[in-house]
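In case you want the letters, here they are:
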Amino acid sequence: MDQVVLQKTVIAAFTLRCCDLEKRCGITHGMAVKMRAKIRSLHLTEEQVSAMTPNELYALWYKRTLTKVTQNSNGNIVRQNYLEPDYQALQRAFVATSQHDGSRHERKIKKTKTMVLEEVYFNKENQERAKREGLALYSLSNALYRWRAYAGSIRRPTFRRSYRQGERCEVDFTGVKAPYLGVDGQEHLADCLVMVLPASRMVYAEIITGQDKDSVFPALCRGFKRYGGITDYLVVDNFKAAVNQSSKYGGVLNETMISFARFFNIDIQTARTYAGVDKGCVEAHVKIVQRCVLGAVNRRHKESPFRSISELNAFIKPLVEQINLRRVRELGVSRQELFKEERQYLHRPISWDFKLGTVFTQTVPQTGQITVDGHRYAVPAKWIGLKVNVETEPDRIRFYHLDALIASYPKQDNLRWLSTQDGFTPQEYLSMEIFHVPQGPFLLQWAGHIGNSCLEWCKTALNAKIEKAQCYRRIVKVLSLPQALVERYNVLDGLIKRLITVKLLPVSAGEIVKEWKGLTELPQGVTQDGVYSEKNHRKACLNVLYGKCEHLLWPGSPSIKLNDSRDYLNGVAAWKRQYGKIAAALNGGKE
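Here is a short report on the structure shown in this document. Note that the structure is predicted; figures quoted are calculated from it, not measured.

One finds Leu443, Trp446, Trp457, Ile475, Val478 and Ile512 to be the most contacted residues of the largest nonpolar core, which totals 43 residues. Put simply, the parts of the chain that give this core at least two residues each are helix H17 (440–450), helix H18 (452–462), helix H19 (468–479), helix H20 (489–502), helix H21 (509–518) and helix H22 (534–545). Looking at this core, the element that brings in the most residues is H19, giving seven residues. Ignoring sequence-local partners within four residues, the contact set of Trp457 consists of Ile475, Val478, Ile496, Ile500, Val507, Ser508, Ala509 and Ile512. Residues Val236, Ile268, Leu346 and Trp352 belong to the second largest nonpolar core, which totals 33 residues.

Turning next to the packing of aromatic side chains. Evaluated as defined, the whole model comprises 22 aromatic pairs. Measuring from ring centre to ring centre gives 6.3 Å for Phe217 and Phe354, while their planes differ by 50 degrees; the resulting arrangement is tilted. Taken together, the positions of Phe217 in helix H11 (residues 213–227) and Phe354 in the loop between helix H15 (335–342) and strand E11 (358–363) put the pair 137 residues apart, joining distant regions of the chain. Exposure remark for Phe217: the relative accessible area of 0% places this residue in the buried category. Ring geometry for Phe442 against Trp554: centres 4.1 Å apart, planes inclined by 10 degrees, an arrangement best described as stacked.

Below, the discussion takes up H11. Between its terminal C-alpha atoms H11 stretches 21 Å, which fits the 21 Å expected from 15 residues at 1.5 Å a residue. For H11, the set of buried residues is Ser215, Val216, Phe217, Ala219, Leu220, Cys221, Gly223, Phe224 and Tyr227. Looking one or two residues beyond H11, the residue adopting positive phi is Gly228, at roughly 90 degrees.

So, about the pairing of strand E4 (residues 178–181). Every regular strand shows the same layout, with side chains that alternate between the two sheet faces. Here E4 shows two buried faces, one formed by Ala178 and Tyr180 and the other by Pro179 and Leu181. Of the pairings in the sheet, the one linking E4 to strand E5 (residues 187–197) comprises four bridges and is antiparallel in character. Residue Tyr180 lies in a different strand from E5, and its bridge partner there is His188. Counted along the chain from E4 to the antiparallel partner E5, the turn is five residues long, and its residue Gly185 has a positive phi close to 85 degrees.

Across all of its chains, the model carries 20 salt bridges by this definition. Here Arg300 ties to Glu311 by a salt bridge, and the two come within 3.5 Å at their closest N and O atoms. On the criterion of sequence distance, the pair formed by Arg300 in helix H13 (residues 280–303) and Glu311 in helix H14 (residues 309–325) is long-range, its members being 11 residues apart. Exposure remark for Arg300: the relative accessible area of 23% places this residue in the partly exposed category. The structure contains a network of salt bridges with shared partners spanning Asp172, Asp237, Lys279 and Glu283.

Picture the strands of a sheet paired through backbone hydrogen bonds; they go either parallel or antiparallel. With respect to topology, three strands assemble into an open sheet ordered E12-E13-E17, the strand pairing being mixed. One side of each edge strand has no neighbouring strand; the edge strands of this open sheet are strand E12 (369–372) and strand E17 (418–419). Sheet topology note: the E12/strand E13 (residues 375–378) ladder contains four bridges and is antiparallel. Bridging from a neighbouring strand, Val372 pairs with His375 of E13.

Rules of the game
- Residues numbered from 1 in each chain as written.
- Predicted model: local features only at pLDDT ≥ 70, side-chain atom pairs only at ≥ 80, totals over all residues.
- Heavy atoms only, no water.
- Core = buried A, V, L, I, M, F, W, Y, C linked by side-chain atoms within 4.5 Å.
- Buried < 20%, exposed > 50% of the residue type's maximum accessible area, 1.4 Å probe, protein only.
- Helix = DSSP H or I, 4+ residues; strand = E, 2+ residues; numbered from the N terminus.
- Contact = heavy atoms within 4.5 Å.
- Phe/Tyr/Trp six-rings, centres within 6.5 Å; stacked < 30°, edge-to-face > 60°.
- Expected span 1.5 Å × (residues − 1).
- Pairing = 2+ DSSP bridges.
- Salt bridge = Lys/Arg side-chain N within 4 Å of Asp/Glu carboxyl O.

Spatial relationships are all this shows, so hold off on functional conclusions.
Okay, here's the thing in structure tokens:
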């Protein structure tokens, strides 16, 4: 008999006679009589039956009464009933032993179900009771089987997890692949990345070539840009582009994911292995995307094959929009309507232009300089001997220690000089480092200002087959002999002219300095050159090393500033992106 029909019939049997019960419920007279007799044997009341679920009444009504068949001393067969265990007491005792801190030691010493049965069911008290009442005890295997059946029948309420708007975004990949034909004519399988905002259930899906860094991170940027903002934190699975090592306590993020989190100012949480509840919302939406989107993709591919990833994304875009416009069954509103409320809680980043660079770890050497792609970058001396994370982009390089930015420079590949900041490198070291900056035309301007003979000698010296840094240092030594006094320029120019005329070989800088020191009378100049001097030469070289200028410039020349003192770590590009709209409004629509 059906469970619901059985409950209705039993309730009717409390008030109707057997003849009326057989007419009302369509049963035989014998069945009606047996039903009323069984109600009396089970000692049931109408209130008890009404309070039971159909499953509970069905299990009680058709419960088998087991008996143990034995023979007594006279050889007669004796049937014994079994002593039922107290399942609630067994369950409470077992749960109490499982309440520990989850350590390996506690898991090893906790009691098993067999041990709990021996203490609660097979104890001396139950053995004496069974002997006194003529009952038998279940075997161990039978008792375990019945206990498991009881534990499985316990129904616990489930609660829907609530999320704060703008709090989190969950990311996962579908197990179903998207097929397409490559340029080689062969069929390839692409992955589908799914992003969900749990508060509004807003879905974003994109087909990418694989789960590598070059495909995943641009897709994440496009997904957040589609939402129009960034959540407080991002929950990711343990895929290789995000973590170095997975764990049941959460994966270890790799340097690229840390760089992504730092760029967008978002916290990253990794889901535990084999714990889908950590990202349950996206797990549910992955099933929806597989059924409604990727199912249509595979059916369409059999009829007319896709030729590229872009064609796949163009095909799934309206399908994803249909999911977002469809009303959620339990809420009565669509995901799109819920997202309109959540959008205002998302925060906009300074820039969407996240560039996937190279990230690696290196120990700072004793020099305090790290060489990357043929160029040296200085970090503060206090980080010597410690490991720092080096993050390179096409136009910029940054150095971090435990997610704290310690230095940032424009990217300078294969340039011999040092990029540094004020206070990073000792001044005595910079006295030689400034001559590694290419400065041929820069020094020719200085020499031409002194005189023509000085200019010709400078050109000859620059062509000498010696190291350029030594060449620049010697030229500066000669050009700084007048000590920036205008009245002494003619004296130096005449001295160089005389030496060039007398000597057949090129005149060295040492000979010029020796002759200059041998002069007994020098004009007492009063006119100080405010442009061409050793002091201004050093300042211009330091501006290039500090990244303030791109080229060597004398005072008064138009400068090209790379960054200012307020934002020397991140560059002015970040400020231009942040205040670009304001600048456009002030300039009449031109940024």
